[in-house]
Amino acid sequence: MFKKISNLTFLVMLSVTAFAQTVPPNATPDGQTPQRRRNAPRPFAVTIVNNTKVKLDTAQVNAAFKTTYPPFAAADGYRTKREVIMRVIDTANTFTISAIPGEIIVNSKWIKKKKNFNNLQVNLQEALRKNWASVDTIKKDGYQLVFINKNSDFNPVIKKELIETYFKVFPTLVSTFNDKTTREVLFVTDTAYKGVAEASGNRILFSTTYMNAHPTDIDIVTHECMHLVQGYGYGSGPVWLTEGIADFIRYKYGVDNIGSKWFLPDFTAKQNEKKYENSYRITARFFEWIDQKVKPGLIIQIDKELRSHTYNQNTWVSLSGKTIDELWDDYAKNPELALKYSGKERI
Ligand SMILES: [Zn+2]
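Residues numbered from 1 in each chain as written. Predicted model: local features only at pLDDT ≥ 70, side-chain atom pairs only at ≥ 80, totals over all residues. Heavy atoms only, no water.

**Notes on the overall build of the protein**
When helices and strands are tallied, the protein shows 12 helices and 10 strands. When burial is assessed residue by residue, the protein has 47% of its 347 residues classed as buried. For the protein, contacts bridging at least 24 residues in sequence account for 63% of all contacts bridging at least 6. Total accessible area computed for the protein in this model is approximately 17,800 Å², and 51% of it derives from carbon and sulfur atoms. (Helix = DSSP H or I, 4+ residues; strand = E, 2+ residues; numbered from the N terminus. Buried < 20%, exposed > 50% of the residue type's maximum accessible area, 1.4 Å probe, protein only. Contact = heavy atoms within 4.5 Å. Areas by Shrake-Rupley, 256 points an atom, 1.4 Å probe, with all protein chains shown as cover.)

The following block contains the structure:
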């Protein structure tokens, strides 16, 4: 999957009254709500619900929220809660502050102390980080990876290999295919996520259930990193093409496809039902056939045109002299192919 999320707008509305105020987060002073750009995510907003006698400096709460919550929420991607309630409560002496997506709770007796309030940003950040098992920031040669792990049972060996694969593969893909790709990437592992992996914005989400069960399948990183490099944006080319190219690149640049027994499946007549629209490995093998038998570099040219939004069905004809259906029919007649995974033959 690929989704581009851009221009996050951060806007904070605060209320210190003793009841929850519902204010449209991007309302203008005259009460008019300007229309959001289509597909733009809702802004982040915090509403304070305070039934205690403690008065809070809202500007300082605002600043602490703005600097800590949006980076925290980035780990959840488009699923995140953007409207946050901050409750100030009177409670037992031991409680200080807690925070989960959408809700912050602070103890009035604790926040009343100057030292605690002046450190609200740090305190809030620590409270938010308790939602994660770990967070690591790794930098190398101009590339950064922030690794947020939400599962304390995630195998640390796999985590290390995912990080190593990122630093081996991503710089190569960026410099080879799209120099404009972000150098700052977020990896998130999540127990609640039911898929295998997905890329959106600068974030790659991994299922820990899948990764723990398939520890050698580390070139998922290669496939997902290619999605970041593809950066086609909305409405540029069909999904089967994006996925076929990502697996074609995994085939060519993966660090250990052979070791993980990841292979492009032989052609079968059954593939003729959906042809190249089978996506993933079936499409990737067809692309390798085009690369070897029709025109080397043709698929890379398709990738470029998808990025510049100049791709259409005719692109195949102008690059090869044949429609994609004609190319597939030629492939189906003579699908023999010597495959080399990252330049290596399967034994
Ligand atoms: Zn994909």
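That shown, we press on.
**Focus: the sheet that holds strand E3 (residues 83-89)**
Taken in spatial order, the 4 strands make up an open sheet running E2-E3-E5-E4, and their pairing is mixed. The sheet is open, and its two edges are formed by strand E2 (45-50) and strand E4 (97-100), each paired on a single side. Ignoring which end each strand starts from, the neighbouring axes of this sheet average 15° apart. Relative to strand E5 (residues 103-107), E3 is paired through 5 bridges, and the arrangement is parallel. Residue pairing across strands places Val-88 opposite Val-106, the latter belonging to E5. The sheet contacts of helix H4 (residues 120-129) involve E4 and E5, and relative to E4 the element is tilted by about 55°. (Pairing = 2+ DSSP bridges. Axes fitted to C-alpha atoms, helices over the stretch in contact; angles between N-to-C directions.)

**Focus: the packing of helix H8 (residues 239-253) against helix H9 (residues 280-294)**
As a packed pair, H8 and H9 sit with axes 7 Å apart at the nearest point and diverge in direction by 70°. Viewed along their axes, H8 and H9 adopt a mutual orientation that is roughly perpendicular. Here H8 runs over H9; the crossing is right-handed. Residues Trp-240, Leu-241, Glu-243, Gly-244, Ile-245, Asp-247, Phe-248, Tyr-251 and Lys-252 of H8 lie in contact with H9, whose contacting residues are Tyr-280, Arg-281, Thr-283, Ala-284, Phe-287, Glu-288, Asp-291 and Gln-292. Here the contact of H8 with H9 is composed, by residue class, of 8 nonpolar, 3 polar and 6 charged. (Parallel < 35°, antiparallel > 145°, perpendicular 65-115°, else oblique. Left-handed = near helix turned anticlockwise from the far one by under 90°. Nonpolar A, V, L, I, M, F, W, Y, C, P; charged D, E, K, R; others polar.)

**Quick word on the packing of aromatic side chains**
Inspection of every chain in the model, using the stated rule, returns 27 aromatic pairs. Ring plane angle 85° and centroid distance 5.7 Å describe the contact between Phe-177 and Tyr-253, whose orientation is recorded as edge-to-face. Separated by 76 residues along the polypeptide, Phe-177 in helix H5 (residues 156-177) and Tyr-253 in helix H8 bring together distant segments of the chain. Residue Tyr-253 is classed as partly exposed on the basis of its relative accessible area of 29%. Summarising the aromatic geometry, the rings of Trp-328 and Tyr-331 are spaced 5.1 Å apart at their centres and angled 70° between planes, so their arrangement reads as edge-to-face. (Phe/Tyr/Trp six-rings, centres within 6.5 Å; stacked < 30°, edge-to-face > 60°.)

**Notes on the side chain of Asp-76**
Mapped onto the fold, Asp-76 is located in the loop between helix H1 (58-73) and E3. At 2.4 Å, the side chain of Asp-76 forms a polar contact with the side chain of Lys-150. Dropping the residues within four chain positions of it, Asp-76 is found in contact with Pro-101, Lys-150 and Arg-203. (Polar contact = N/O pair within 3.5 Å; in protein donor to acceptor, adjacent residues only side chain to side chain.)

**Description of the nonpolar core**
Residues Leu-162, Tyr-166, Phe-187, Ile-245, Phe-286, Phe-287 and Trp-316 are the most contacted members of the largest nonpolar core, which totals 62 residues. Ranked by residues supplied to this core, first place goes to H5 with 10 residues. Those residues in contact with Phe-286, other than ones at most four positions away along the chain, are Tyr-276, Ile-324, Leu-327, Trp-328 and Tyr-331. Among the nonpolar cores identified, the runner-up in size contains 33 residues, and Ala-73, Ala-127, Trp-132 and Tyr-193 belong to it. (Core = buried A, V, L, I, M, F, W, Y, C linked by side-chain atoms within 4.5 Å.)

**Digging into the coordination of the zinc ion**
The zinc ion binds to the protein through His-223 (NE2), His-227 (NE2) and Glu-243 (OE), with metal-donor distances spanning 2.0 to 2.1 Å. Mapping the donors of the zinc ion onto the primary sequence yields the spacing H-x3-H-x15-E. Separated by 20 residues along the polypeptide, His-223 in helix H7 (residues 220-230) and Glu-243 in helix H8 bring together distant segments of the chain. Across the pair, Glu-243 and His-223 agree in class, each one buried. (Donors = N, O, S within 2.8 Å, 3.2 Å for Na, K, Ca; no water.)

**Overview of the pattern of salt bridges**
For the coordinates displayed, the defined rule picks out 14 salt bridges. For Lys-252, the salt bridge identified is with Glu-288, shortest N-O distance 3.3 Å. Here Glu-288 lies in helix H9 and Lys-252 lies in helix H8, a separation of 36 residues in the sequence. Judged by relative accessible area, which is 30%, Lys-252 ranks as partly exposed. Classification of Glu-288 by relative accessible area gives buried; the value is 4%. With a closest N to O distance of 3.6 Å, Lys-252 and Asp-291 form a salt bridge. Of this pair, Lys-252 sits in helix H8 while Asp-291 sits in helix H9, placing them 39 residues apart in sequence. (Salt bridge = Lys/Arg side-chain N within 4 Å of Asp/Glu carboxyl O.)

Such coordinate-based values are descriptive only and should not be taken to indicate function.
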